[in-house]
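So you can see what is in the structure, the chains are spelled out below.
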Amino acid sequence: MAIDLKHEQAIERADLRQLRDIDINDVIEYVHEGITQWPTSLDLYKKYSVQRWNVYDLDFTQDKIDWQTKISPEEKEAFLAIATGFHHGERQVEADLSPELLASDSEEDKIFLTSQLEDEARHTIFFDHFYREVVGYQAPDIRGMLDASYEHITETFVGSFGYLAYLADRLLDRLDDKHLFMRFLTTYHLWIEGVLALSVMKTTLNFCRSRNVLPGYYTGFNATTRDESRHVQFGTSVMHRMLQQDPSLVADIHESLRTVLSVSSVASTPVFYDPIGYTAEDIKNIFMDQLNRKLRAVGVSLPPDLEAMAKNVRAEALAGG
Ligand SMILES: [Fe+2]
Ligand SMILES: [Fe+2]
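This text gives an overview of the structure that appears in the document. In this text the structure is predicted, and so the values were computed from the model without any measurement. (Residues numbered from 1 in each chain as written. Chains lettered and ligands numbered in written order. Predicted model: local features only at pLDDT ≥ 70, side-chain atom pairs only at ≥ 80, totals over all residues. Heavy atoms only, no water.)

1. With respect to the coordination of the iron ion (ligand 2)
(1) Moving on: Around the iron ion (ligand 2), the protein contributes the donor atoms E120 (OE), E193 (OE), E228 (OE), E228 (OE) and H231 (ND1), at 2.0 to 2.4 Å from the metal centre.
(2) Moving on: All donors to the iron ion (ligand 2) come from one chain, and their sequence spacing reads E-x72-E-x34-E-x2-H.
(3) Moving on: We classify E193 as buried; its relative accessible area is 3%.
(4) Moving on: For E228, a relative accessible area of 2% puts it in the buried group. (Donors = N, O, S within 2.8 Å, 3.2 Å for Na, K, Ca; no water. Buried < 20%, exposed > 50% of the residue type's maximum accessible area, 1.4 Å probe, protein only.)

Dropping the structure here:
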C-alpha cells in the first residue's frame, strides 16, 4: 500500500500537534517509501534537523485519565508486556550505537549517527515520562524507572538485545571487521528497528487510535516512528552499499537472522496480543511482512533453512523493539 505524495509531504514536515492526527499506518508506509530511494546520510541528517521534536512538549494529562478509567486490567497487562521492550530497548540502542559510529568509515555516516544517538536518547526519556506520569511508577532516576518496569520484560528482549550487546562489545575490539559490522547492522537496523520496532509501533498505536485513548503516547510514539524511518533507511542503505562492494557479506546477514529467528520461536513468558485487538496469526503476518520488505529493499533472499525458521516464529515470543 503506497501513500500519495500529499500524505508523504504532510508526514515529512508535521510538527508534534499534527502528528497527533496522522495515521500510524501511513507513517509505517512512509518508512518504506524512502528505503528504495537510497537517501544519502546527509539527506537523512537534513531531515533530522527538520523533524527533531521536543519530548518536553508532550502532555500526558489525558493519558493518565485514560489509563485509570478507560483501559481494562487485561489491556494494561498486554500493553505493558509489549511496550516495556521499548522502554528498555531505546536505552540499549542508545548505548550500543557508539561502536557503530566508531566502526563507520564514512564521515557522512558518522555525522548521521550522532543524530540517531540523540534520537534514541530522546526516545528513552519519552518512555521514562510515560511510565512515570501515566503508568504511575516512581523512581529517583532513569535507571530506577527501568528497574521498575523490568518485571514486564520477555525473552525476545533478552534474546535479540542480548545478541546486539554481544555484537556491540565485539565490534569495539574489531572496528575493521566488515563481517562483524554487517552482523551488527542486520541485528540493529534491519531486525530490531526494521522488524520488531515497526511491528510493535503498528499494533500499539493502532490500539490507541481505534480506542481513542492515550493521545500523548500516540503523539510521541508516532514521532518516534517517523524517527525510525531515518534509522531504518540509513541502516538498509549502508547494508546495500556494503553488499554491492562485497557480495560475500550476505552470509553474515543470514547468520545474524539465524540467531534472532531462533530466539523468536520460543517463549516461556508469552506475550498475548488479543486484548489489544490482534490474533497470533495477525502478529506473525505483520512481523513477516516487515521482514520481507526490508530484505527485498536490501536485495537479499532467505535460504530454505531460514525460510523454515521464519515460518516457525511464534507470535507470543515477539514483543519489544
Ligand atoms: Fe528509538
Ligand atoms: Fe532507532
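2. Considering the coordination of the iron ion (ligand 1)
(1) Moving on: Coordination of the iron ion (ligand 1) by the protein is provided by E90 (OE), E120 (OE), H123 (ND1) and E228 (OE), with metal-donor distances spanning 2.0 to 2.7 Å.
(2) Moving on: Angles of 92 to 149° at the metal separate the four donor atoms of the iron ion (ligand 1), which places the site in the irregular class.
(3) Moving on: Within one chain, the residues serving as donors to the iron ion (ligand 1) are arranged as E-x29-E-x2-H-x104-E.
(4) Moving on: Distance-wise, the iron ion (ligand 2) is placed 3.5 Å from the iron ion (ligand 1), both being coordinated by E120. Taken together, the positions of E90 in helix α6 (residues 73-96) and E120 in helix α8 (residues 107-135) put the pair 30 residues apart, joining distant regions of the chain. Just as E90 is buried, E120 falls in that class too. (Tetrahedral: all angles 85-135°; square planar, octahedral: opposite > 155°, others 65-115°. Helix = DSSP H or I, 4+ residues; strand = E, 2+ residues; numbered from the N terminus.)

3. Some remarks on the environment of E12
(1) Moving on: By secondary structure assignment, the location of E12 is in helix α1 (residues 5-13).
(2) Moving on: Separated by 35 residues in the primary sequence, E12 and K47 place their C-alpha atoms 8.1 Å from one another.
(3) Moving on: Apart from residues no more than four positions distant in its own chain, E12 is found in contact with Y30, K47, Q51 and R226. (Contact = heavy atoms within 4.5 Å.)

4. Considerations on unusual backbone geometry
Most peptide bonds take the trans configuration, and most residues that are not glycine carry a negative phi.
(1) Moving on: In this model, W38 sits at a positive phi of 45°, which is unusual for a non-glycine residue.
(2) Moving on: If you trace the backbone, W38 turns up in the loop between α3 (24-35) and α4 (41-51).
(3) Moving on: For L214, which is not glycine, the phi dihedral falls at a positive 50°.
(4) Moving on: Here L214 lies in the loop between α11 (178-211) and α12 (215-245).

5. A closer look at the pattern of salt bridges
Where charged atoms from two side chains of opposite charge come close, those side chains can pair.
(1) Moving on: Going through the model one piece at a time under the given rule, you end up with 19 salt bridges.
(2) Moving on: Across the pair D119 and R230 runs a salt bridge, and its minimum N-O distance is 2.8 Å. Placement of the pair is D119 in helix α8 and R230 in helix α12, with a sequence separation of 111 residues. Residue D119 shares its accessibility class with R230, and that shared class is buried.
(3) Moving on: Put simply, D128 and R132 hold a salt bridge, and the shortest N to O gap is 3.0 Å. Remark: R132 and D128 occur in helix α8; sequence separation between them is four residues, near one turn of the helix.
(4) Moving on: When its relative accessible area of 6% is taken as the criterion, D128 is described as buried.
(5) Moving on: Among the ionic contacts, a cluster of salt bridges with common partners joins R52, E118, D119, R122, D227 and R230. (Salt bridge = Lys/Arg side-chain N within 4 Å of Asp/Glu carboxyl O.)

6. Focus on the packing of α8 against α12
(1) Moving on: Put simply, α8 and α12 touch, their axes get as near as 11 Å, and they point 150° apart. Between α8 and α12, the angle is such that the two are roughly antiparallel. Viewed along their axes, α8 and α12 form a crossing whose handedness is left-handed. From α8, D109, F112, L113, Q116, D119, E120, R122, H123, F126, F127 and F130 reach across to α12, where they touch G216, Y217, G220, F221, T224, D227, E228, R230, H231, F234, V238 and R241.
(2) Moving on: By residue class, the composition of the contact of α8 with α12 is nine nonpolar, six polar and eight charged. (Axes fitted to C-alpha atoms, helices over the stretch in contact; angles between N-to-C directions. Parallel < 35°, antiparallel > 145°, perpendicular 65-115°, else oblique. Left-handed = near helix turned anticlockwise from the far one by under 90°. Nonpolar A, V, L, I, M, F, W, Y, C, P; charged D, E, K, R; others polar.)

7. Some thoughts on the packing of α3 against helix α14 (residues 280-298)
(1) Moving on: Where α3 contacts α14, the axes come no closer than 10 Å and their chain directions differ by 15°. In terms of their interaxial angle, α3 and α14 are classed as roughly parallel. Crossing geometry of α3 relative to α14 is assigned as left-handed. Side by side, α3 and α14 meet where I28, E29, H32 and I35 of the first sit next to Q290, R293, K294 and A297 of the second.
(2) Moving on: Across the contact of α3 with α14, the residue classes break down as three nonpolar, two polar and three charged.

8. Focus on the packing of aromatic side chains
(1) Moving on: Under the definition given, this model contains 23 aromatic pairs.
(2) Moving on: Ring geometry for W67 against F130: centres 6.1 Å apart, planes inclined by 85°, an arrangement best described as edge-to-face. Taken together, the residues W67 in helix α5 (residues 61-69) and F130 in helix α8 connect sequence positions 63 residues apart.
(3) Moving on: You can call F130 buried: its relative accessible area is 0%.
(4) Moving on: With 4.6 Å between their ring centres and 50° between their planes, F130 and Y217 make a pair best called tilted. Separated by 87 residues along the polypeptide, F130 in helix α8 and Y217 in helix α12 bring together distant segments of the chain. Just as F130 is buried, Y217 falls in that class too.
(5) Moving on: A cation over an aromatic ring shows up here: R122 above the ring of W53, its NZ or CZ 5.1 Å from the ring centre. (Phe/Tyr/Trp six-rings, centres within 6.5 Å; stacked < 30°, edge-to-face > 60°. Lys NZ or Arg CZ within 6 Å of the ring centre and 35° of its normal.)

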